[in-house]
Amino acid sequence: MALVLCVLLAGVLTLVTPEPDPFGVRYYEPGRDGWARAPELAVKVESVALTQQVNRTAGKFEMDPITTDAVFVVVDLSVAVRGRVSTLDRVSLVSADGRTYLQRREGGMGQLPMTDPGFTSHGTAVFEVPRDRVAGASLVVGPDSRGFVVVFRGAPRVPDVTRGAVERDSYAPAAPSTEVTR
Amino acid sequence: MTRRSYVAFALALAFALAVAIGVGAVHLIRLNPPPAGTLSPGDSVTVGKVDLAYGSWTTTETIKGPKKDLPARDGAVWVIVTSQVGLHDDAVIREAACEATLVSRGERWRATREPLSALDLKNVTTDCNRTQEGKAATPGWRGEVTFYFHVPADRVDNAIVVVDFYATGDEVVIDR
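A short tour of the structure in this document, coming up. (Residues numbered from 1 in each chain as written. Chains lettered and ligands numbered in written order. Predicted model: local features only at pLDDT ≥ 70, side-chain atom pairs only at ≥ 80, totals over all residues.)

### Let's talk about the overall build of chain B
- When helices and strands are counted, chain B shows 2 helices and 11 strands.
- The secondary structure elements of chain B, listed N-terminal to C-terminal, are α-β-β-β-β-β-β-β-β-α-β-β-β.
- Residue burial in chain B is summarised as follows: out of 176 residues, 26% are buried.
- Pairs at least 24 residues apart make up 65% of the contacts formed inside chain B by residues separated by at least 6 positions. (Helix = DSSP H or I, 4+ residues; strand = E, 2+ residues; numbered from the N terminus. Buried ≥ 20, exposed ≤ 12 C-beta atoms within 10 Å, placed from the backbone. Contact = placed C-beta atoms within 7 Å.)

Structure below.
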């Protein structure tokens, strides 16, 4: 009887404690200074643009641009890393209806580099999205993972990141950079 | 419910709590095993069939290569820790496998190799599997190993280096 009650108590506690995410990831949204601070990463969106052409460069050389019939959401962002090295390769745009778009992987678009703790990297994430899913989309950085294993369970999230985005004919991301976190 | 039921319930709850605390404690112990040794400069320790000797700890703003130099970023420094690794005659190669991590204020930096390769340094190694001459670890082998860390300058004070040995799960703390 007592054990049954214990199991029931555990069941009730499980039901009344909502999980923030199916995978147990906790999200951290920006404060007044614009930084969304998770325990291992802090993210600030510097600018957002919409375009149908992203120009790419490799050093001094120009590469073929990428184009789309949909729209590219181009996010310039800064990421301050704490705790341990982060690959910063899991940047996604989540539409208002819950669809997840990972950043385009082609080179020469200023993707964030692997970054050690104590350093801040500046880079660009490019997402190809149907135009009707741009409004209200959120930017999520992480959670970081090693294969199937989720390493960090906290991820910065910037809601409604596309609000005020500027429409441009084309966009040329700057080369990524890293500096000591000030 | 009768009084007996309440007592049974309390006992069951206490038992469940004790199990949870016990499991948690075991988990924590497993996550934080005591180090196999803490080394000051000149010290050495034997971990399984591997000898690890701590040579020196230096900090520099630029690593000098034969053709070009590799400066640390503005506000950062290079921490260079030299050590000597020896594998016993009756050991197997995998026992030399280890990885070094600099730990400061709860943050962790892996020993780095990639940027160093651009310097064309012949004697770069950042793990215990090879000597600085590039020879693979073999039984009876002894060689110099240097760990390079690129860290913000304000993290150097009170930093330690933790060397994890994969074969045994042991770790050794190198304390400046």
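### Quick notes on the interface of chain B and chain A
- Counting residues at the interface gives 18 residues for chain B and 15 residues for chain A.
- Looking at the side of chain B that touches chain A, the element that brings in the most residues is helix H1 (residues 3-31) of chain B, giving 6 residues.
- Within the side of chain B that touches chain A, the residues separate by chemical class into 9 nonpolar, 3 polar and 6 charged. (Nonpolar A, V, L, I, M, F, W, Y, C, P; charged D, E, K, R; others polar.)

### Some thoughts on the sheet that holds strand E8 (residues 138-141) of chain A
Residues and elements named next belong to chain A.
- The mixed open sheet is built from 5 strands, whose spatial order is E1-E11-E8-E5-E6. Looking at strand neighbours, the two that pair on one side only are strand E1 (26-28) and strand E6 (100-102), the edges of this open sheet. Here the strands of the sheet are splayed against their neighbours by 30° on average, with no regard to which way each runs.
- Pairing geometry for E1 and strand E11 (residues 154-158), over 3 bridges, is parallel. When the sheet's bridge partners are listed, tyrosine 28 is paired in E11 with proline 156. (Pairing = 2+ DSSP bridges. Axes fitted to C-alpha atoms, helices over the stretch in contact; angles between N-to-C directions.)

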